[in-house]
Amino acid sequence: MLKLTFLFITFALGVQSINNNWWRDAIIYQVYPRSLKDSNGDGIGDLNGITSKLTHIKDIGADALWLSPIYSSPQVDFGYDISNFTDIDPQYGTLTDFTKLVNKAKEVGLKVLLDFVPNHSSDQHSWFQNSIKRIKPYDDFYIWRDGKVVNGTRKPPNNWLSIFKGSAWEWNAERGQYYYHQFAVAQPDLNYRNNNLKKTMSDVLTFWMDRGVEGFRVDAILHLFEDEQLRDEPRSNIPNVPEDEYLYLNHTYTRDLNETYVIAREWRDLLDDYANKYKTDSKFLIVEAALTPPIMKQYFDSGCNPFNFIFVNDFNSTSTAVDFKLAIDKWLDNVPEGNVSNWVTDNHDNHRAGSKFGEKKSDMITMLALTLPGISVVYYGDEIGMLDKNLTWEETVDVAGCNLGPNRYHLGSRDPERTPFQWDDTTSAGFSTNKTTWLPVHENYKTLNLANQKLATISHYKVFKAMTMMKKNLPILQLGTVEVRLITENILGIVRRMEDSSPVALLINMGIKDESVDAHTWLNIPEELITYIASVDSQIQPNTKVNTSALKIPASASLFLASKSQIDSLKPEPSLATYSSFANAPLIIFILVIVNYIIF
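Residues numbered from 1 in each chain as written. Predicted model: local features only at pLDDT ≥ 70, side-chain atom pairs only at ≥ 80, totals over all residues. Heavy atoms only, no water.

**Section: the side chain of D97**
Part 1: Here D97 shows up in helix 4 (residues 95–108).
Part 2: Buried D97, no salt bridge; nearest opposite-charge side chain is K100, N-O distance 4.3 Å.
Part 3: Apart from the residues lying within four places of it in its own chain, the contact partners of D97 are L47 and N48. (Helix = DSSP H or I, 4+ residues; strand = E, 2+ residues; numbered from the N terminus. Buried < 20%, exposed > 50% of the residue type's maximum accessible area, 1.4 Å probe, protein only. Lys, Arg positive; Asp, Glu negative; His and termini not counted. Salt bridge = Lys/Arg side-chain N within 4 Å of Asp/Glu carboxyl O. Contact = heavy atoms within 4.5 Å.)

**Side note on the sheet that holds strand 6 (residues 144–145)**
Part 1: Sheet architecture is open: 3 strands sit in the order 6-10-9, paired in antiparallel fashion. Among the strands making up the open sheet, the edge pair consists of strand 6 and strand 9 (169–172).
Part 2: In the sheet, strand 6 pairs with strand 10 (residues 177–180) via 2 bridges, with the strands oriented antiparallel. Within strand 10, the position partnered with W144 by the bridge is Y179. (Pairing = 2+ DSSP bridges.)

**Observations concerning unusual backbone geometry**
Part 1: Note the cis peptide between K136 and P137, where omega equals 0 degrees.
Part 2: Tracing the chain through its elements places P137 in the loop between helix 5 (126–132) and strand 6.
Part 3: Of note, the phi angle at Q75 is positive, near 65 degrees, even though the residue is not glycine.
Part 4: The residue Q75 is located in the loop between strand 3 (71–72) and strand 4 (84–88) in this model.
Part 5: For S428, which is not glycine, the phi torsion reads 50 degrees and is therefore positive.
Part 6: Looking at the element boundaries, S428 is found in the loop between helix 14 (409–412) and helix 15 (450–455).
Part 7: When its relative accessible area of 8% is taken as the criterion, S428 is described as buried.

**Remarks on the packing of aromatic side chains**
Part 1: Under the defined criterion, the tally for this structure stands at 36 aromatic pairs.
Part 2: Considering the side-chain rings of F85 and W127, the 5.5 Å spacing of their centres and the 20 degrees angle between planes classify their relative orientation as stacked. Note that F85 is positioned in strand 4 and W127 in helix 5, a separation of 42 residues in sequence.
Part 3: Using a relative accessible area of 2% as the deciding quantity, one classes F85 as buried.
Part 4: Pairing F421 with W423 gives two aromatic rings, centres 4.0 Å apart and planes at 40 degrees, and the pair type is tilted.
Part 5: Directly above the aromatic system of W22 lies the positively charged group of K111, at a separation of 5.2 Å from the ring centroid. (Phe/Tyr/Trp six-rings, centres within 6.5 Å; stacked < 30°, edge-to-face > 60°. Lys NZ or Arg CZ within 6 Å of the ring centre and 35° of its normal.)

**Regarding the side chain of N347**
Part 1: Mapped onto the elements of the fold, N347 is located in the loop between strand 14 (342–344) and helix 11 (353–357).
Part 2: At 3.0 Å, the side chain of N347 forms a polar contact with the backbone nitrogen of D349.
Part 3: Among the polar contacts listed, one links the side chain of N347 to the side chain of N350, at a separation of 2.8 Å.
Part 4: The contacts of N347, once residues within four sequence positions are left out, are Q30, F309, Y379 and E417. (Polar contact = N/O pair within 3.5 Å; in protein donor to acceptor, adjacent residues only side chain to side chain.)

**So, the pairing of strand 23 (residues 558–562)**
When a strand is regular, its side chains alternate between the sheet's two faces.
Part 1: Of all 5 residues that make up strand 23, 5 are buried, and the element is covered over most of its length.
Part 2: The alternating pattern of strand 23 places S558, F560 and A562 and L559 and L561 on opposite faces, both of which are buried.
Part 3: In the sheet, strand 18 (residues 504–509) pairs with strand 23 via 4 bridges, with the strands oriented antiparallel. Each bridged residue has a counterpart across the sheet, and for L506 the counterpart in strand 23 is F560.
Part 4: Bridging between strand 20 (residues 528–534) and strand 23 involves 4 bridges; their strand directions are antiparallel.

**Considerations on the pattern of salt bridges**
Part 1: Taken as a whole and assessed by the stated rule, the structure comprises 32 salt bridges.
Part 2: Where E107 meets K104, a salt bridge forms, and the shortest distance between an N and an O atom there is 3.7 Å. With a gap of 3 residues between them, E107 and K104 both fall in helix 4, about one helical turn apart.
Part 3: E107 sits in the partly exposed class, given a relative accessible area of 33%.
Part 4: Here K552 makes a salt bridge to D514, at a shortest N to O gap of 3.8 Å.

Written out as structure tokens, the structure reads:
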């Protein structure tokens, strides 16, 4: 009995052992807080709403949820204009609500990641108000410069442009200087050449780690530093771009300066020191940056995982299998040895996959992201194939769209991909009890919703869950090598191999016609496999045995092939009760020790 008791104790301790690589094959679920679930009927998503849906997020296979900004904010840019980096915006709840969310997440086995927005604050932040008044130490927390006088008229210091249109400089009469804003006028850039500011922002990271946060997505890190000499940026020569829009210039002096990688390393070291001090799992750090291979390497060398946006930025509905192969190979070839890739499906700034590639390909990108090696970063609604909603000028609220005016708003607005989650076919798709929501619910919610898809024999939800089950339970998808191959100009094959295991393969027809292929020969895979998972519009039933030497792949279809033994080996998903018991391991240990004492 004594041995048995200690075996249980060892198991319980093992559950709580420190994990320094938990993210290497993780599925990270991005939540846009305004749009997941409204708990109080005001039409805006909130923390308690998110907490109520954590079991769903765990159920679909996620390991962590990443929350877009929840901090105090005037909401000019819906939370990316922060007026207090260490408090919750009342629209979303309170710090107490956040603690409840973190505790519930731990109970069900999810890690919580926060959006860290270090480039700028709101102009309503007390730091900025004090900086205007030149009150120390805040006088130099922002980037202030004198203007220049041209023919008797005051002008901005240089030609730099804001991403949100117009000059990146705004005059402040009280201080008598211009301040720099890479984004909205209400989002002044912080000055990372000021050591007091750097220390203060490091303290922000510590504040949230103290509250149970397991990592951060660093927003817009490429904009942290600007040229100290304020040199004008050259023309881009992109045709038909107005001279006051961001693409009019090449941003050689306001993006990706070398100092950026130094501070990235400092933040990585801060997170590591915290984890070591408190003996916690390692803290994850992923950064938002537009990447070339040299820049990508710089971030990896700084200890950060740079976002891989190739599915978001590099492709559209006209992209071919050749385009995908070249881009995937290029990315994988440039991930430094010992590091792990990530694959972003879509996000709050970019069109949803089903709208970008066509509804028949709604499953394609998630199936790719869950087959390729490394981290999968998915966006709320991906699991049910949500689509962009076309919004009128009157319905548009995103500052990036509003700044472009009624004739061009659709070119910049990010509202279409931010609409409320479609839970069921009740009022406001089950997102809210209020018929009016902060953005209108997509009109297709009566048929495209989670409740319907749970009941359907074949659905995006069931495709998504089957793929996450494979990713989490087949060692070949965690440890196997990867090959990206072309079978035809329209058929892409992803093959994962591992010694003493049958290979698995994802085949995608990116063309508009059905094709029959000899995948057995071209991919060197067994002649008999099972189509374990097929995209919804393929019309192929799951668990269909196929002859890979004469494999018919419908137009726009994605098929995941595996052997019968691999499918039979899949373990059942742990119940939420199991996750809860893991979270209560210290209690289990205490009880077992008492039992052991009583018996002996």
